[in-house]
Amino acid sequence: MEKSTFCIGLMSGTSLDGLDICYVRFDSDTSFEILHAETIEYSTELRNQLKEAFTISAMELCELDIQFGYYLGEQVAEFMKRHQIKNIDFVASHGQTIFHQPQKNFTLQIGNGAAISSRCQQKVICDFRTQDVVLGGQGAPLVPIGDELLFSEHDACLNLGGFSNISMNRNGKRIAFDVCPVNIVLNHYANQLGFDYDNEGQLAAKGNVNLDLVNELNNLPFYQQELPKSLGFEWIENEFLTIVENYKISAEDKLISCITHGVDQLVKCFNQYDINNVLITGGGAKNDLLIKLLKSKVSTKIIIPDNYLIDFKEALIFAYLGYRKNNNQINCLASVTGASKDHSSGIVYDI
């Protein structure tokens, strides 16, 4: 019988909701159990540091890389103490994406692996994207290998996080791509109204759809690009928000218009790929207005799992990426990212 692997997955997404920590046992390539999981909310200071990190100097960014790594390691150590976790095989960390420009062959996730390891005194596997980018890939999405092997009963898996990304099998191979922005934009406008996020879409429900804005967003060049393709924060700043800010309408109107735009792109995707059923996870799965609007426009069966899986699927799958790296197995699929070959990505820091 295969020996079980116990590990911790860390996920910090573009929406900056907080740090997702997931303690999981893998019994095989296709069998897992989430044993403990929680989200650690970022302080306002840390959230602002991460949000503005793409604007600071190289020296300041190097310092933040180490300091955020220390923070991650300390959170792992405290998590292990709270849940009386004695031994794990490794910690797998996504890090925080600061730059993502695969067209220029670089991507940067901070949260230094050596710093994490020094604080939690565990083996750490991190930096899962760089190798894929230098092999000509997008470095994203990375979750589809987990979708393929852990959630194969679903026709497609859709994550509604900072960006929405979808993964599915077509013509015998896995494909995946970013569809459109979701929480990274919705949180931005909820923040303007004094909220961390738009709970259940209640703020957006007060707004009126601006069809001119929706149509202009729908015509962004990204949506006409061929696969593989992925989105980054720079695109949000330079292209998406630039358009939205040209409209002198309320934050509530911007919220409902951005939701309508996102639903338009998801409907287009579901129809193009003839998706019969889809598993939806990520914070956007709790946006009742978004989900209601989506259901009203597609015949696709929409499956919303329990909150544990909604909240921690990405952290679970980064643990899985670490599991496969630790076993010298492929964890990045060229059919998904566009890299020159399938490969086993990640950097290992072993104390």
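Here's what I pulled together on the structure shown here. In this text the structure is predicted, and so the values were computed from the model without any measurement. All residue numbers refer to position in the chain's written sequence, counted from 1. Where local features are concerned, this predicted model is filtered to residues with pLDDT of at least 70; where side-chain atom pairs are given and counted, the filter is 80 or more; whole-chain, interface and lining totals use all residues. With hydrogens and water excluded, all non-hydrogen atoms of the structure serve as input to the side-chain values.

It is worth spelling out the overall build of the chain at this point. Only DSSP runs of H or I covering at least 4 residues are called helices, and only runs of E covering at least 2 are called strands; the numbering of each starts at the N terminus. In terms of helices and strands, the chain carries twelve helices and 13 strands. Put simply, the radius of gyration uses C-alpha atoms, and a globule should come to 2.2 Å times the residue count raised to 0.38. For 351 residues, the compact-globule estimate of 2.2 N^0.38 gives 20 Å, and the C-alpha radius of gyration of the chain, at 19 Å, lies within 12% of that figure. When its C-alpha atoms are laid out on the principal axes, the chain stretches across 55 × 45 × 40 Å. Each of the 351 residues in the chain was classed as buried or not, and the buried ones make up 57%. Relative accessibility thresholds used throughout: buried, under 20% of the residue-type maximum; exposed, over 50%; partly exposed, between the two (1.4 Å probe, protein chains only).

Along the chain, D65 falls in helix α2 (residues 58-82). For the purpose of counting charges, residues Lys and Arg are taken to be positive, whereas Asp and Glu are taken to be negative. His and the chain ends are not included. We define a salt bridge as a side-chain nitrogen of Lys or Arg found within 4 Å of a carboxyl oxygen belonging to Asp or Glu. Although D65 is buried, it forms no salt bridge, and the closest oppositely charged side chain is R129 at an N-O distance of 13 Å. Pairs of residues are marked as contacts when any of their non-hydrogen atoms sit within 4.5 Å. Residues within four places of D65 in sequence aside, it is in contact with I110, G111 and N112.

Once that is clear, we can look at the pattern of salt bridges. Here the structure, examined in full by the defined rule, presents twelve salt bridges. For the salt bridge of R119 with E74, the shortest nitrogen-to-oxygen distance reads 3.0 Å. Residue R119 is found in helix α3 (residues 113-120), and its partner E74 is found in helix α2; the two are separated by 45 residues along the sequence. Take R119: its relative accessible area is 38%, and that puts it in the partly exposed class. Across the salt bridge formed by D311 and K286, the nearest N and O atoms sit 2.9 Å from each other. Here K286 lies in the loop between β11 (277-281) and α10 (288-297) and D311 lies in helix α11 (residues 307-326), a separation of 25 residues in the sequence. Its relative accessible area of 26% is what places D311 among the partly exposed residues. On the accessibility criterion, K286 (34% relative accessible area) is partly exposed. Among the charged side chains, a network of salt bridges with common partners joins R25, D27 and E33.

Attention shifts here to the pairing of strand β6 (residues 106-110). Strand direction decides the pairing type here: strand β5 (residues 96-101) and β6, joined by five bridges, are antiparallel. Bridging from a neighbouring strand, T97 pairs with Q109 of β6. Strands qualify as paired when DSSP identifies two bridges or more between them. The loop that links β5 with its antiparallel partner β6 comprises four residues; one of these, N105, has a positive phi angle of about 65 degrees.

What follows concerns the state of the cysteines. A pair of sulfur atoms, both from cysteines and within 2.5 Å, is called a disulfide here. One pass over the structure, following the stated rule, counts zero disulfides. Residue C22 stays outside any disulfide, its sulfur separated by 8.1 Å from that of C7, the closest cysteine. The structure places no disulfide on C180, whose sulfur is separated from the nearest cysteine sulfur, that of C269, by 9.0 Å. The exposure class of C180 is buried, given its relative accessible area of 0%.

A pair of Phe, Tyr and Trp rings is counted when the ring centres sit within 6.5 Å of each other, with Trp represented by its six-membered ring. The angle between the planes then sorts it: under 30 degrees is stacked, over 60 is edge-to-face, the rest tilted. Within the structure shown, the criterion is met by 16 aromatic pairs. When the ring of F68 is compared with that of Y71, the centres are 6.0 Å apart and the planes differ by 10 degrees; the resulting orientation is stacked. Here F68 pairs with Y71, and both are found in helix α2, just three residues apart, close to one helical turn. Each of the two residues, F68 as well as Y71, counts as buried. A ring pair is formed by Y308 and F312, whose centres lie 5.8 Å apart and whose planes are at 80 degrees; its orientation type is edge-to-face. Residue Y308 and its partner F312 are located together in helix α11, separated by four residues, close to a single helical turn. By the ring-pair criterion, three or more aromatic residues cluster together here, those being F222, Y223, W235 and F240. Two conditions define a charge located above a ring, namely a distance within 6 Å from the ring centre to NZ of Lys or CZ of Arg, and an angle within 35 degrees of the ring normal. Taking NZ or CZ as reference, R119 lies 3.7 Å from the ring centre of Y70, over its face. Its guanidinium or amino end placed over the ring of F222, K229 lies 4.5 Å from that ring's centre, counting from NZ or CZ.

Here, nonpolar core means buried Ala, Val, Leu, Ile, Met, Phe, Trp, Tyr and Cys residues that are tied together by side-chain atoms lying within 4.5 Å of each other. Core analysis: the largest hydrophobic core is formed by 52 residues, its most contacted members being I166, F240, I280 and L294. F26, A92, L309 and L321 belong to the second largest nonpolar core, which has 32 residues in total.

Time to look at the packing of helix α6 (residues 183-192) against helix α9 (residues 251-272). Describing two packed helices takes the angle between their axes plus the distance from one axis to the other. The interhelical angle for the contact between α6 and α9, taken along N-to-C directions, is 170 degrees, at an axis separation of 9 Å. Of the possible angle classes, the one that applies to α6 and α9 is roughly antiparallel. The handedness of the crossing between α6 and α9 is left-handed. Along the contact surface, α6 presents V185, L186, Y189, A190 and Q192, while α9 presents A251, K254, L255, C258 and I259. Put simply, Ala, Val, Leu, Ile, Met, Phe, Trp, Tyr, Cys and Pro go in the nonpolar bin, Asp, Glu, Lys and Arg in the charged bin, and everything else, Gly too, in the polar bin. Partitioning the contact of α6 with α9 into residue classes produces eight nonpolar, one polar and one charged. Working convention: axes come from line fits to C-alpha atoms, limited for helices to the stretch in contact. Angles between N-to-C directions cover 0 to 180 degrees. Should an angle lie under 35 degrees it is considered roughly parallel, over 145 roughly antiparallel, and from 65 to 115 roughly perpendicular; all remaining angles are considered oblique. Each crossing gets its handedness from the near helix: less than a right angle anticlockwise from the far helix is left-handed, clockwise is right-handed.

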